[in-house]
Amino acid sequence: MLIGLMDHWVPSHDAISRFWKTPFATLRPHLERLCDELEINHFTFYTKWYSNGIKSTLPFLHNCPESMNVITDNRWGRDLIDFFHSRGITVGAMLQCYAADAGRLPPEALLGTWSGLKNCTGYERDSDVINPTWPGYAAILEQMLAEHLKQFPALDAVFLEFEGLSSIPAGNALWKAGHAPEKAGPMIPADTQAFWTTTGYPSNADPDPWIWAPAVQAILSRSLRAHLSAADGALTRAGFNGIRGIVYHAMGYEVPYVCDCLPSRDWWLLPWHYWGWDFSLSDPDPVVRHQMDYCKAAWRGLIRDGFRLCYLGNVTLPTRRFNAIEEMIRFSFEVGAAGYLGMGNPIPTYGLRWHKATEESVAAARDLYRRLLPKQVRTL
């Protein structure tokens, strides 16, 4: 079973992570202590987010001058992989696939633009969101994966994420498909409404849930199937034999079609949700219980049907629901999940956390994981 943590190679606001711009010699003693404390066998890094985390020659990716991978010509990342391998720990790369640095792709490639991302990336740079129906996208994805594996051939896992489409304001190309015929509004079928009731998510109704409209769902399903197929081919051509997986929100718009888009059952499913954090902070106890029970039942079914499922849970993102973290770790062991991957890195100062996290909250998360995943002794 994969049991791991996550951090950023990508440029990030200081309140989120400083890992990406910290020399390996500074990080190493912290990582040594962490590996000595916790029974983990994997570490995944965002290598492509709204920002780019490796030194790239691709014209649509920006190289941030503060990035340790840019400064060291990607030696920093290879040193980290070598370090973890020396400890018997595998390493993964996670790529946010539908985001691109603003102004670097043609207008016909875009669905819209995210502005004000300094709160995430730490710098003044917008991110374009790619229109998944753009015919040129598969080549973009193939180039990113080929470059990743050329620069970091020892990677053990590649996880792809395709979020962000629903954040683009009304009027985009997909929105128009969901509102056809003109002015009719999206027609949400009864089975989709029943799904919302079953999941208990979102707890507050979206006044215009266009991304759930059948026409949009059909478009997204076709696009994702094509893009995962292209990714699968690129990984195979590069000689990659490690884990391949897709990251998606556990109760989001991709759930109805994601399983049908996998190139094979060898691909892992990585659903995520962080109860008690950010947009779910104010959810009352009954709503949280409803959502967790849905996820448990759905994931049991997927595992029973032969899918490889790895829950992407919380570590250091500030939360009032540490009990949810403990429950879902224990559940992952109980059902024989392929893995449990925690979002965060509980080392002081440099590790991934998020806005409103404190050194005290990070220490509390470290204490929790030390108790749940003690080195050499596991009671789960």
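Refer to the structure printed above.
Notes on the structure in this doc start here. (Residues numbered from 1 in each chain as written. Predicted model: local features only at pLDDT ≥ 70, side-chain atom pairs only at ≥ 80, totals over all residues. Heavy atoms only, no water.)

### Side note on unusual backbone geometry
At step 1: A cis geometry characterises the amide bond from Tyr-201 onward to Pro-202, with omega recorded as -5 degrees.
At step 2: With respect to the helices and strands, the residue Pro-202 is situated in the loop between helix H7 (190–199) and helix H8 (214–237).
At step 3: In the Ramachandran plot, Thr-349 falls in the positive-phi region, its phi being about 70 degrees despite a non-glycine side chain.
At step 4: Along the polypeptide, Thr-349 turns up in the loop between strand S11 (339–343) and helix H12 (359–372). (Helix = DSSP H or I, 4+ residues; strand = E, 2+ residues; numbered from the N terminus.)

### Digging into the side chain of Thr-47
At step 1: Mapped onto the fold, Thr-47 is located in strand S2 (residues 42–48).
At step 2: A relative accessible area of 1% means that Thr-47 is categorised as buried.
At step 3: For Thr-47, the contacting residues outside a window of four places in its chain are Trp-9, Val-10, Asn-52, Gly-53, Ile-54, Ala-93, Met-94, Leu-95 and His-148. (Buried < 20%, exposed > 50% of the residue type's maximum accessible area, 1.4 Å probe, protein only. Contact = heavy atoms within 4.5 Å.)

### A closer look at the pattern of salt bridges
One side chain can pair with another of opposite charge once the charged atoms of both are near each other.
At step 1: Across all of its chains, the model carries 22 salt bridges by this definition.
At step 2: Of the charged contacts, one joins Asp-232 and Arg-244 as a salt bridge, the two residues approaching to 2.7 Å between their closest N and O atoms. Remark: Arg-244 occurs in strand S8 (residues 243–249) and Asp-232 occurs in helix H8; sequence separation between them is twelve residues. An identical accessibility class is assigned to Asp-232 and Arg-244; each is buried.
At step 3: Residue Asp-293 pairs with Arg-289 through a salt bridge whose shortest N-O separation is 3.1 Å. In this pair, Asp-293 and Arg-289 both sit in helix H10 (residues 285–304), four residues apart, roughly one turn of the helix.
At step 4: Accessibility expressed as a relative area gives 34% for Arg-289, which makes it partly exposed. (Salt bridge = Lys/Arg side-chain N within 4 Å of Asp/Glu carboxyl O.)

### A few points about the environment of Pro-135
At step 1: For Pro-135, the position within the fold is in the loop between strand S6 (127–130) and helix H5 (137–151).
At step 2: Here the alpha-carbon distance between Pro-135 and Ala-109, two residues 26 residues apart in the chain, equals 8.2 Å.

### A look at the packing of aromatic side chains
At step 1: With the rule as written, the count across this model stands at 26 aromatic pairs.
At step 2: Measuring from ring centre to ring centre gives 5.3 Å for Tyr-98 and Tyr-137, while their planes differ by 65 degrees; the resulting arrangement is edge-to-face. Of this pair, Tyr-98 sits in the loop between strand S3 (90–96) and strand S4 (99–101) while Tyr-137 sits in helix H5, placing them 39 residues apart in sequence. Judged on exposure class, the residue Tyr-98 and its partner Tyr-137 are both buried.
At step 3: Members of the aromatic cluster, each reached through a chain of ring pairs, are Trp-9, Phe-19, Phe-24, Phe-43, Phe-45, Trp-76, Phe-83, Phe-84 and Phe-152.
At step 4: Directly above the aromatic system of Tyr-123 lies the positively charged group of Arg-125, at a separation of 5.8 Å from the ring centroid.
At step 5: Here the guanidinium or amino end of Arg-265 rests over the ring plane of Phe-307, the centre of that ring lying 3.8 Å away. (Phe/Tyr/Trp six-rings, centres within 6.5 Å; stacked < 30°, edge-to-face > 60°. Lys NZ or Arg CZ within 6 Å of the ring centre and 35° of its normal.)

### Some words on the sheet that holds strand S5 (residues 110–114)
Within a sheet, each strand pairs with its neighbour through backbone hydrogen bonds, oriented either parallel or antiparallel.
At step 1: With antiparallel pairing, three strands are arranged side by side in an open sheet as S4-S6-S5. With partners counted over all chains shown, the strands left at the sheet margins are S4 and S5, one partner each. Looking at each pair of strands side by side, their axes are set apart by 35 degrees on average, direction ignored.
At step 2: When S5 meets S6, the two strands line up antiparallel, connected through four bridges. Residue pairing across strands places Gly-112 opposite Val-129, the latter belonging to S6. (Pairing = 2+ DSSP bridges. Axes fitted to C-alpha atoms, helices over the stretch in contact; angles between N-to-C directions.)

### Observations concerning H8
At step 1: Over its 24 residues, H8 extends 35 Å from the first C-alpha to the last, a length consistent with the 34 Å expected when each residue adds 1.5 Å.
At step 2: The positive-phi residue at the C-terminal boundary of H8 is Gly-239, with phi of around 80 degrees. (Expected span 1.5 Å × (residues − 1).)

### Here we look at the packing of helix H11 (residues 322–334) against H12
At step 1: The contact between H11 and H12 brings their axes to 11 Å, and the two run at 30 degrees. Considering the angle they form, H11 stands roughly parallel to H12. Between H11 and H12 lies a crossing of right-handed hand. Where H11 approaches H12, its residues Phe-322, Ile-325, Glu-326, Ile-329 and Arg-330 are matched on the opposing element by Ser-361, Ala-364, Ala-365, Leu-368, Tyr-369, Arg-371 and Leu-372.
At step 2: Considered class by class, the residues forming the contact of H11 with H12 number eight nonpolar, one polar and three charged. (Parallel < 35°, antiparallel > 145°, perpendicular 65-115°, else oblique. Left-handed = near helix turned anticlockwise from the far one by under 90°. Nonpolar A, V, L, I, M, F, W, Y, C, P; charged D, E, K, R; others polar.)

Nothing here speaks to function; it is all geometry.
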